[in-house]
Amino acid sequence: MRRFTLFIAALAVVLSAGAKIIKKDQMNAENLNKFAGSVYEYEAPQTPLTAVPKGFKPVYLTHFARHGSRYLDNASNYDRPYNILKEAADSGMLTDFGKDVLRRMEIIRAEADQRAGDLTQKGMQQHRDIARRMVENYPELFTNDKIIMARSTTSHRVLVSEYSALMQILRMRPKIKFDYDSSNHDEPWMYTEDKAVSAHKRKINAAVQEFNKNHTHPERLMKALFKDTDFITNYQGSGRDQSGSLYSSLYDVASYVQGSDPGVDLYDVFTYDEWYDLFLMNNMRWYSQAGFSPLTDNVVPYGHCVTLQNFIDFADDALAGNGVSVMLRFGHEVTLMSFFSLLDLNETGYSTDDLESVADHWVAYDIAHMAGNVQWIFFRDKKGNVIVKFLLNEEEATLPESVPFYKDAKGKEQTPYYRWEDVKEFYLAKIRYWEEFKANDDTPVEETPRRSFRQEINTATN
């Protein structure tokens with residue numbers, strides 16, 4: 001009987017670990033916003049934190065976060081779909097549905113006017129809330145004798161994210177000490193990717209283009225928008241088919257609206273099948289550029305080993321007594337996606353060359369969506385033993401089974417806590433592997449031009 005009970009408990013853990021991945025047939029109005037993928041709006045954690053093992057107290061928290069929800073990063077991202085629909089309306093070529101989509105696009109575009117790339121009010125609130133929960137969960141780390149260190153990239157939206165978090169901490173702890181900055185000086189470990197991965201990343205381009213081609217189906221939507229689809233498939237009589245471009249442009253706008261709330265949305269523009277296909281392509285963009293894959297020699301996440309080394313070095317300095325109790329970093333998804341894969345929390349280190357199966361295991365909406373973040377929290381007992389646990393978007397996360405959980409004096413595992421020595425060795429081994437790989441790698445090192453999601457869709461359809 002006990003054996004059966006243990007089996008059920010283990011099964012529950014497995015099901016719980018995979019429950020966040022939504023299958024296509026599970027899509028509904030309540031979870032549709034997740035299929036915005038990497039721009040999914042941050043949600044507060046729902047699961048209570050596990051009690052700290054007896055005798056341990058928090059001594060250090062280290063963190064990396066993406067900026068919060070923002071507007072699309074270029075005004076043309078709003079202008080282009082709007083202008084195409086407006087031109088069709090002026091030519092009498094829009095259906096009644098198309099006219100309604102244009103009406104909503106006008107509202108969305110006006111709300112985003114002169115705000116391209118800016119953090120939204122929701123984006124600010126996301127970081128205020130994350131900071132507030134840090135202080136509430138670990139008040140011992142936010143006392144007047146401690147130093148709160150913070151660093152950000154020089155991007156405006158990242159700066160505002162940093163300041164939103166720091167102002168929230170200041171409201172709760174008016175006399176606390178801050179050491180904060182935003183400078184290119186920190187770019188090597190805040191943003192820059194090791195150039196040695198660039199040639200490996202290019203190897204997946206053809207496979208991704210084929211994947212996108214197989215999942216791009218704008219035909220139904222074009223018929224729903226235009227009285228005659230020749231308007232868009234032979235745009236301005238040029239012979240150019242712009243249906244794929246408009247399709248992806250509208251997905252971009254529809255995805256971002258949840259982060260600003262202009263009063264209207266575009267969720268009904270796509271069927272669930274289309275939403276899922278568009279999400280798959282968005283997800284594939286990030287997996288191919290940031291995840292482990294045999295198609296890229298399983299090395300891409302190593303491009304941010306410098307960030308990992310920074311986490312380790314800063315932790316060691318704090319544990320040695322430099323007075324810093326909290327280290328906050330604010331950056332972008334291009335760093336966080338790879339860094340999360342490198343950390344291999346909750347199987348973010350998943351690797352496959354079967355691109356069609358990626359979204360069954362690795363989904364951007366559970367990794368580095370808007371305000372996505374990772375936190376390592378360290379605890380120490382009176383004997384000097386140090387344990388650490390991980391939060392992925394403020395939910396407790398686990399490492400691969402090869403890293404054992406901390407065991408108390410009675411030999412009982414204390415999930416999800418790990419000995420710092422074990423964690424440190426696990427990650428230093430990754431860094432050593434990367435250095436050895438580079439020393440023997442004869443792949444030419446070149447810069448990889450950064451392609452937008454829309455460029456990838458256009459390549460697949462035109």
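Note that the structure is a prediction, hence the values are computed from the model and not measured. (Residues numbered from 1 in each chain as written. Predicted model: local features only at pLDDT ≥ 70, side-chain atom pairs only at ≥ 80, totals over all residues. Heavy atoms only, no water.)

Caption draft 1: Just the pairing of strand E6 (residues 386-392), in detail. Most of E6 sits inside the fold, with seven of its seven residues counted as buried. Both faces of E6 are covered, namely the face carrying Val386, Val388, Phe390 and Leu392 and the face carrying Ile387, Lys389 and Leu391. Taken together, the seven bridges between strand E5 (residues 373-380) and E6 define a ladder with antiparallel strand orientation. Each residue of the ladder has a partner; that of Phe378, found in E6, is Val388. Hairpin connection, E5 to E6: the antiparallel pair is bridged by five residues, and Gly384 has positive phi, about 95 degrees. Pairing of E6 with strand E8 (residues 418-419), which is carried by two bridges, proceeds in the antiparallel orientation. Bridged to Val388 within E8 is Tyr418. Counted between consecutive antiparallel strands, the loop separating E6 from strand E7 (residues 395-397) contains two residues, among which Asn393 sits at a positive phi close to 55 degrees. (Buried < 20%, exposed > 50% of the residue type's maximum accessible area, 1.4 Å probe, protein only. Helix = DSSP H or I, 4+ residues; strand = E, 2+ residues; numbered from the N terminus. Pairing = 2+ DSSP bridges.)

Caption draft 2: Local environment of the packing of aromatic side chains. Applying the stated rule across the entire model yields 36 aromatic pairs. Where Phe56 meets Tyr406, the ring centres are 5.4 Å apart and the plane angle is 80 degrees; that geometry is what we call edge-to-face. Highlighted residues: Phe56 in the loop between helix H1 (2-18) and strand E1 (57-66) and Tyr406 in the loop between E7 and E8, separated in sequence by 350 residues. Tyr406 carries the same exposure label as Phe56, and that label is buried. (Phe/Tyr/Trp six-rings, centres within 6.5 Å; stacked < 30°, edge-to-face > 60°.)

Caption draft 3: Representation of the packing of helix H12 (residues 272-290) against helix H14 (residues 333-343). It is at 9 Å that the axes of H12 and H14 come closest, and there the two elements cross at 65 degrees. If you check the angle between H12 and H14, you find them roughly perpendicular. Between H12 and H14 lies a crossing whose hand is right-handed. Across the interface between the two elements, Trp286, Gln289 and Ala290 of H12 pack against Glu333, Val334, Met337, Ser338 and Ser341 of H14. A class-by-class count of the residues in the contact of H12 with H14 yields four nonpolar, three polar and one charged. (Axes fitted to C-alpha atoms, helices over the stretch in contact; angles between N-to-C directions. Parallel < 35°, antiparallel > 145°, perpendicular 65-115°, else oblique. Left-handed = near helix turned anticlockwise from the far one by under 90°. Contact = heavy atoms within 4.5 Å. Nonpolar A, V, L, I, M, F, W, Y, C, P; charged D, E, K, R; others polar.)

Caption draft 4: Examining helix H8 (residues 205-214) more closely. Taken as a whole, H8 has its buried residues at Val208, Phe211 and Asn212. Within H8, the buried residues cover an arc of 95 degrees as seen down the axis, which keeps them to one side. Projecting away from the buried face of H8 at angles above 90 degrees are the exposed residues Ala206 and Lys213. (Arc of directions from axis to C-beta.)

Caption draft 5: Just the environment of Arg66, in detail. Locating Arg66 in the fold gives a position in strand E1. Spatially, the C-alpha atoms of Arg66 and Met370 are 6.4 Å apart, while their sequence positions differ by 304 residues. Apart from the residues within four sequence positions on either side, Arg66 is in contact with Ser38, Val39, His127, Gly331, His332, Glu333, Leu336, Ala368, His369, Met370, Ala371 and Gly372. Reaching out from Arg66, the side chain makes a polar contact with the backbone oxygen of Ala368 at a distance of 3.1 Å. (Polar contact = N/O pair within 3.5 Å; in protein donor to acceptor, adjacent residues only side chain to side chain.)

Caption draft 6: Region of the structure containing the side chain of Arg329. Topologically, Arg329 is positioned in strand E4 (residues 324-331). Put simply, Arg329 is tucked away with no salt bridge, and the nearest opposite charge, on Asp186, sits 9.0 Å away. Side chain to side chain, Arg329 and Thr62 meet in a polar contact 2.7 Å long. (Lys, Arg positive; Asp, Glu negative; His and termini not counted. Salt bridge = Lys/Arg side-chain N within 4 Å of Asp/Glu carboxyl O.)

Caption draft 7: The arrangement of the nonpolar core in detail. Membership of the largest hydrophobic core comes to 108 residues, with the highest contact counts inside it found for Phe226, Phe270, Trp376, Trp420 and Tyr427. With 10 residues, the single largest contributor to this core is H12. Not counting residues up to four positions away in its chain, the partners in contact with Phe270 are Arg220, Leu221, Tyr247, Leu250, Tyr251, Ala254, Trp275 and Leu278. Tyr42, Leu61, Ala65 and Ile387 belong to the second-largest nonpolar core, a separate cluster that totals 28 residues. (Core = buried A, V, L, I, M, F, W, Y, C linked by side-chain atoms within 4.5 Å.)

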